[in-house]
Amino acid sequence: MPVEGITKTTKSKGVRMIRRHRSHTEGTHTDRPSMSRYRDDVETDGMPSALRDRLYDLFGQIEKEFDTLYTANITLQERVDALNEKIEVSSTSDKQLVDSQDTPDLGSKPKRSSQISQKIKTTYKVSTSKIVSSFRAPTSSFTYVRDYRGHRDGVWEVKVSKSDPHVIGTASADHTARLFSIETGICLLRYTGHQGSVNSIRFHPNKDLVLTGSGDERAHIWSSQVTLPTHGEVVKSHSSGEDDLDGSEKEEMMEDQDQVTDCVTQRSPLMELSGHVGVIIAADWMAEGTQAITASWDRTAILHDTESGEIINTLTGHDQELTEVEAHPSQRMAVTCSKDTTFRLWDFRAPAMLVNVFQGHTQPVTTAVFASNDRVISGSDDRRAKIWDLRNMRSPIATIQCDSAINRLSVCDATQIIAIPQDNRHVKLCDINGNRIGRLPRSSRQGHTRMVTSVSWAGDTSTNLFTCGFDRQVLGWQVWIQPKDKE
């Protein structure tokens, strides 16, 4: 039955389990089982044809069952969202009714009017207080700008270049990473050096270098030097008339265009980092850029020397597979997330490394990022994002309740706005104190059609927020928040 409770148990523990536990090791990463992947496994095992055919049939039935349940739950979620909007409208009307009842009516009995007013106030006290608080929120606007096309499978991560603010990078389950021009959407470079799903992409703090982690148990360092498109290429990219197409037609055109697009291809890394015996789910540069840290499904993280490729330290302690690693932008610190429901802070500033364990989530922790004022924001499959103070790590200072499992979130350096991507195709926006600002618009013609896997803020550009998902889309948005002191 497609109810909200079953969304978590079926989609998160079923579909989500398959994509996270199968695909990396087999070189692809999808949010539903792929028959070709199972077929390859069966054929290489030399099974009898009758048994193999039976397995094909069973896997096909499983896939259809997942598709049906996933679609049903998405439809139900849309109905729930619509009902929530109606409730908000109704609450607004109720508040207006309360205000009208508070206004003295000289033509009626004061006692009767007072009783009605008090009853309405008591009944709708909670809803009206929420409305009043929402009136105090900053004015905001969220506008879709463009998409960035080329990937043939789900996109796991999107990041903005630190050395060139006009470039974004993407990591995909199609075994490739790509660099795009923010202003034009043109693919500038395609990296094909990995033999498995590319699960993460991070830019060097100050050099034209990229670090990618993959399901092939390797992390690669490669050059991100690109040439921005000329005016003629920009005009050509905007003359195809694609914007009037629906989702399926866009995907077909995207595949056709990718075959003829003149995109520079890089096939070999400048440096390969090894040492893990499992999927590398993420890799990041340390603050100074001479070291990198990788996180793996082998339950360890490894600190590497990026110039020699040597292993400096192997970090152990997590009880289950790691899901993410993020380095501090200016300090020698990093956080690792795990399916064991915890995330750990590794402090390399002292001669003796310090480790702090953060507990507070009830499901796998999928993301953790550093923010200003010594804060860390974590997100989990338990549908909660928590804001922590590094100076007091016993409990979070705020909790953000979401509607679905949370993926790789991002905090804007300038505004300290948190963008939270979710499995239910939405991106929620909150301030650094956990107060809700809004969410990115989503419809049949814009927004993601499958789970949103990652978000990334840009600096002072017209397109300042980027999202990616397992619908193969990478989208650019213009997000504007009016500061409170200007209200």
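As the structure is a prediction and not an experimental result, all values here were calculated from the model.

What should I look at first to understand the overall build of the protein chain in this one?
Secondary structure summary: the protein chain contains seven helices and 29 strands in total. Evaluated residue by residue, the protein chain yields a buried proportion of 53% over its 487 residues. Restricting the contact set of the protein chain to residue pairs at least 6 apart, pairs at least 24 apart contribute 52%. Per element, the accessible surface of the protein chain, about 23,200 Å² overall, is 49% carbon and sulfur.

Is there a simple way to think about unusual backbone geometry in this case?
Residues other than glycine predominantly adopt negative phi, and peptide bonds predominantly adopt the trans conformation. A positive phi angle, close to 80°, is found at H175, a residue other than glycine. Looking at the element boundaries, H175 is found in the loop between β3 (167–172) and β4 (177–181). Positive phi, close to 70°, is recorded for R383, a residue that is not glycine. In this fold, R383 is placed in the loop between β20 (375–380) and β21 (384–389). R383 sits in the buried class, given a relative accessible area of 16%.

So what exactly am I meant to see when it comes to the confidence of the model for the protein chain here?
Close inspection of predicted coordinates is inappropriate for parts of the model with low pLDDT. With 72% of its residues at a pLDDT of at least 70, the protein chain reaches an overall mean of 81. Note on residues 238–249: pLDDT under 50 across the span, and 12 contacts to partners over four residues away in sequence or across chains. Scored below 50 in pLDDT, residues 252–260 shows 15 contacts in the model against residues more than four places distant or in partner chains.

Explain a nonpolar patch on the surface here, please?
A grouping of M353, V355 and V357 is seen on the molecular surface, where their side chains present a nonpolar patch of about 190 Å² in accessible area. As for its position among the elements, V355 is in strand β18 (residues 354–359).

How should I be thinking about the packing of aromatic side chains in this particular structure?
Per the counting criterion, the structure on display carries eight aromatic pairs. Here F343 and F358 contribute two aromatic rings whose centre-to-centre distance is 4.4 Å and whose plane-to-plane angle is 10°, an arrangement assigned as stacked. You can see F343 sitting in strand β17 (residues 342–347) and its partner F358 sitting in strand β18, a full 15 residues away along the chain. Every member of this aromatic cluster is reached through a ring pair, and the members are Y148, F180 and F466. Against the face of W297 rests K339, its NZ or CZ located 5.0 Å from the ring centre.

Help me understand the sheet that holds strand β6 (residues 198–203) in this model?
Within a sheet, adjacent strands bond to each other through the backbone by hydrogen bonds, running parallel or antiparallel. The strand order across the open sheet built from four strands is β6-β7-β8-β10, with neighbouring strands paired in antiparallel fashion. Sheet topology places β6 and β10 (271–273) at the edges, where each strand pairs with a single neighbour. For this sheet the average axis-to-axis angle between neighbouring strands, irrespective of direction, equals 20°.

Explain the pattern of salt bridges here, please?
Opposite charge on two side chains permits pairing when their charged atoms draw close. Under the definition given, this model contains 14 salt bridges. E78 is paired through a salt bridge with R442; the nearest N and O atoms lie 3.0 Å apart. With E78 in helix α3 (residues 49–102) and R442 in the loop between β26 (436–439) and β27 (452–457), this pair connects stretches of sequence that are 364 residues apart. Residue classification places E78 among the partly exposed positions, given a relative accessible area of 36%.

Analysis parameters
Residues numbered from 1 in each chain as written. Predicted model: local features only at pLDDT ≥ 70, side-chain atom pairs only at ≥ 80, totals over all residues. Heavy atoms only, no water. Helix = DSSP H or I, 4+ residues; strand = E, 2+ residues; numbered from the N terminus. Buried < 20%, exposed > 50% of the residue type's maximum accessible area, 1.4 Å probe, protein only. Contact = heavy atoms within 4.5 Å. Areas by Shrake-Rupley, 256 points an atom, 1.4 Å probe, with all protein chains shown as cover. pLDDT = per-residue confidence, 0-100. Patch = residues over 30% accessible without salt bridge, like charges linked within 9 Å, V, L, I, M, F, W, Y side chains within 5 Å. Salt bridge = Lys/Arg side-chain N within 4 Å of Asp/Glu carboxyl O. Phe/Tyr/Trp six-rings, centres within 6.5 Å; stacked < 30°, edge-to-face > 60°. Lys NZ or Arg CZ within 6 Å of the ring centre and 35° of its normal. Pairing = 2+ DSSP bridges. Axes fitted to C-alpha atoms, helices over the stretch in contact; angles between N-to-C directions.

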